[in-house]
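Commentary on secondary and tertiary structure
Spelled out from the first residue to the last, the chains are:
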Amino acid sequence: MDRLLRQCGADIPHERALDSISLERERGITIASKVTSISWKEHELNMVDTPGHADFGGEVERVVGMVEGAILVVDAGEGPLAQTKFVLAKALKYGLHPLLLLNKVDRPSVTEEDAMKSRAWCSIYLLILVPQVLAAFQEQLEFPVLYASAKEGWASSTYTKDPPDDSKNMSELLDAITRHVPPPTASLDAPFQMLVSMMERDNYVGRILTGRIHSGIVRVGDKVHGLHSTDSGVVKMEEGKVVKLMKKKGTCTLSVDSAGAGDIVSMAGLTCPAIGHTISNVELTGRQIGDRLMAEAERNLAINVLPGMSDSYEVQGRGELQLGILIENMRREKFELSVSPPKVMYKNENGQKLEPIEEVTIEVNEEHVGLVMEALSHRRGEITDMGPVPGNVGRTRLCLTCPSRGLVGYRSVFNSVTRGTGFMHRAFLSMPSSITRNTEVLLEMSGKESWCQWDMGTITSHALMSLEARGILFVKPGMEAYDGMIIGEHSRDTDLDVNPVRTKELTNVRAASKDENVKLTPPRLMTLEEAIGYVASDELIEVTPCAIRLRKRYLDVNKRKVMSKKPKE
């Protein structure tokens, strides 16, 4: 995207200019879809950059209706990955015309044979997916193939590692787009209609609705309706006036007076419509956390929020990573909240309770295969295929099916077992017992009277020195602790109440620098995603702008003992 923008004269302030979210730049992934436009010769091209991770599939689904074609970027050396099948299926389902772009052909390790293998695998994916999504268009199978080096900023219709100097640009890719992708079929004379695909909020103009105009023309000052389709028919939600129209051009946002069919625009002036609603002209007929979650559900198709009891909310999403990103964004926005462990959503059909089954693809080094298979067998995983990874000596690919319930919390275990060298992709398979953590936790309980159980205490190295032999610590000296806070993982299968704020009793015997010589094993500091997968049913994650902690649902030790004797639902 950077090279295409620069080719068309856009000012790129830094690499990955469209990744505007700080978490995107930190993690090197695309989280939210981005819209922009560029001018090439006599054409204006609307472009949408979408995530490739299955957890953010909702970002792909809600914007796929705004485009007519899709550029499938594949590493020429590695070939299509497991998530390629997911995003490609979404594009083919809507009849989009694909273009295959084999990137990184300039690498010394990439040969022409590798590029041909990657091209063949993509052809196989198309042949498999087209019948599945019932989008059997012959032109979808006749896709153009280009070779590129985004790092060096060039694309070519033939395989090469060093094109001529006058061809070291993205012209051939842009020309292929204008030749292969058809223009939108829309009428400027028809009444104005726009389907809302994206939504954001501005402190000055309020709700901003983004979508592609399917027909007609809209101008600043026009009166428009917000429409919502229900089982009983089309319902008018709101009537208002367009107060501002904006278009993305390169990396800039420009205010415009009017826009027509085929344009992707953002408009302000309505407060009720959300993603999936229609905007048309008149002629065509508490709490802060709760408000924040509801606003997220309105603009994110893959998030659903249900109000619960006593200021609680149930947030339904597509995976731990997606929910973790939402919680992390709220934490950076200075929200404080407690998060319960994730649960799998079941389906009742004909009196039977069905649970989701996922298809899992794993690539690991040979020395890690045994550990991975053993861990997944305990989580009810069943191997369906196993073999070497083509072109990668010493790597093994595992294909298996596993209940979603068994995969909760496994990603952090997988990264630890494979030393960060493994690759795992999950995708929903079908809707055809209980996975629990084998280890329990250490609980912080100060040795004070019950009336001061809420007092904060400072963890001391003296107390941790006697505790680290009992398990894995999550804290270090100097951190604040309170009753019911989880400070470590017990080596046995029982909870243990301990006192990590205990100080050394003072005596009149001096020992110079004795306390400073205490050496502790570095603690295990969990990220938010690891905590979401680790927390048990009787525990909560405490999320604040300054820290992420684990705690028991009931802080008082006596209350925990009473509740532990009650039968579980």
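Our subject is the structure listed above.
Report follows, based on the coordinates. Throughout, a residue's number is its position along its own chain's written sequence, starting from 1. Where local features are concerned, this predicted model is filtered to residues with pLDDT of at least 70; where side-chain atom pairs are given and counted, the filter is 80 or more; whole-chain, interface and lining totals use all residues. As a convention, hydrogens and water are excluded, and side-chain values are obtained from all of the structure's heavy atoms.

1. Things to note about the pattern of salt bridges
The salt bridge definition used is simple: a Lys or Arg side-chain nitrogen within 4 Å of an Asp or Glu carboxyl oxygen. In the structure shown here, the tally under the stated rule is 27 salt bridges. Here Asp-175 ties to Lys-41 by a salt bridge, and the two come within 3.1 Å at their closest N and O atoms. Here the residue Asp-175 occupies a position in helix H7 (residues 171–180), and Lys-41 occupies one in the loop between strand S1 (34–40) and strand S2 (43–49), the gap between them amounting to 134 residues. Accessibility expressed as a relative area gives 59% for Lys-41, which makes it exposed. Across the pair Lys-168 and Asp-162 runs a salt bridge whose closest N-O atoms are separated by 3.2 Å. Here a helix means four or more residues in a row that DSSP labels H or I, a strand means two or more in a row labelled E, and each is numbered from the N terminus. In this scheme, a residue with accessible area under 20% of its type's maximum is buried, one over 50% is exposed, and one in between is partly exposed, where area comes from a 1.4 Å probe on protein chains only.

2. Examining the environment of Phe-143
Of note, Phe-143 is situated in the loop between helix H6 (138–141) and strand S5 (145–149). The spacing of Phe-143 and Ser-123 is 20 residues in sequence and 9.0 Å in space, taken between C-alpha atoms.

3. Some points on the side chain of Lys-552
The residue Lys-552 is located in strand S33 (residues 548–552) in this model. Classification of Lys-552 as buried rests on a relative accessible area of 1%. A 3.5 Å cut-off defines polar contacts: any pair of N or O atoms within that distance qualifies, except that in protein one atom must be a possible hydrogen donor and the other a possible acceptor, and neighbouring residues in sequence count only when both atoms are side-chain atoms. There is a polar contact of 2.7 Å between the side chain of Lys-552 and the side chain of Asp-538.

4. Some words on the sheet that holds strand S3 (residues 69–75)
Pairing within the open sheet is mixed, and its four strands lie in the order S3-S4-S5-S6. Lying at the two open borders of the sheet, with one neighbouring strand each, are S3 and strand S6 (154–156). With direction set aside, neighbouring strand axes in the sheet form an average angle of 30°. At least two DSSP bridges between two strands are required for those strands to pair. The pairing of S3 with strand S4 (residues 97–103) spans seven bridges and is classified as parallel. In the sheet register, Ala-70 faces S4, and the bridge partner there is Pro-98. Here a residue-residue contact requires only that any non-hydrogen atoms of the pair lie within 4.5 Å. Simply put, an axis is a line fit to the C-alpha atoms, just over the touching stretch for a helix, and the angle between two N-to-C directions goes from 0 to 180 degrees. H7 contacts S3, S4, S5 and S6 of the sheet and is inclined by roughly 165° relative to S4.

5. Quick notes on the sheet that holds strand S24 (residues 395–403)
Spatially, S23-S24-S22-S25 is the arrangement adopted by the four strands of the open sheet, whose pairing is antiparallel. Strands with a single pairing partner mark the edges of an open sheet, and in this sheet they are strand S23 (382–388) and strand S25 (423–430). Strand-to-strand twist in this sheet, taken as the mean axis angle between neighbours without regard to direction, amounts to 15°. Here strand S22 (residues 357–365) pairs with S25 via seven bridges, running antiparallel. Its bridge partner lying in S25, Glu-363 is registered against Phe-423. Packing of helix H12 (residues 410–417) onto the sheet brings it into contact with S22 and S25, and relative to S25 it is tilted by some 150°.

6. Re the side chain of Thr-396
You can see Thr-396 is positioned in strand S24. Filtering out sequence-adjacent residues up to four positions away, Thr-396 remains in contact with Ile-362, Glu-363, Val-364, Glu-366, Val-369, Met-386, Gly-387, Pro-388 and Val-389.

7. Side note on the packing of aromatic side chains
Each aromatic ring pair is characterised by the separation of its centres together with the angle its planes make. Under the pairing criterion, centres of Phe, Tyr and Trp rings, with the six-membered ring standing for Trp, must be within 6.5 Å; the plane angle then separates stacked pairs below 30 degrees from edge-to-face pairs above 60, leaving the rest tilted. Overall, the coordinates contain three aromatic pairs when judged by the stated rule. Both rings, one in Tyr-147 and one in Tyr-159, keep their centres 5.8 Å apart while their planes meet at 90°; by these two values the pair is edge-to-face. You can see Tyr-147 sitting in strand S5 and its partner Tyr-159 sitting in the loop between S6 and H7, a full 12 residues away along the chain. When its relative accessible area of 4% is taken as the criterion, Tyr-147 is described as buried. Arranged with centres 5.7 Å apart and planes meeting at 80°, the rings of Phe-474 and Tyr-534 form a pair that is edge-to-face. Of this pair, Phe-474 sits in the loop between strand S28 (471–473) and strand S29 (480–481) while Tyr-534 sits in helix H14 (residues 528–534); the two residues are 60 residues apart in sequence, bridging distant segments of the chain. Judged by its relative accessible area of 8%, Phe-474 falls in the buried class.

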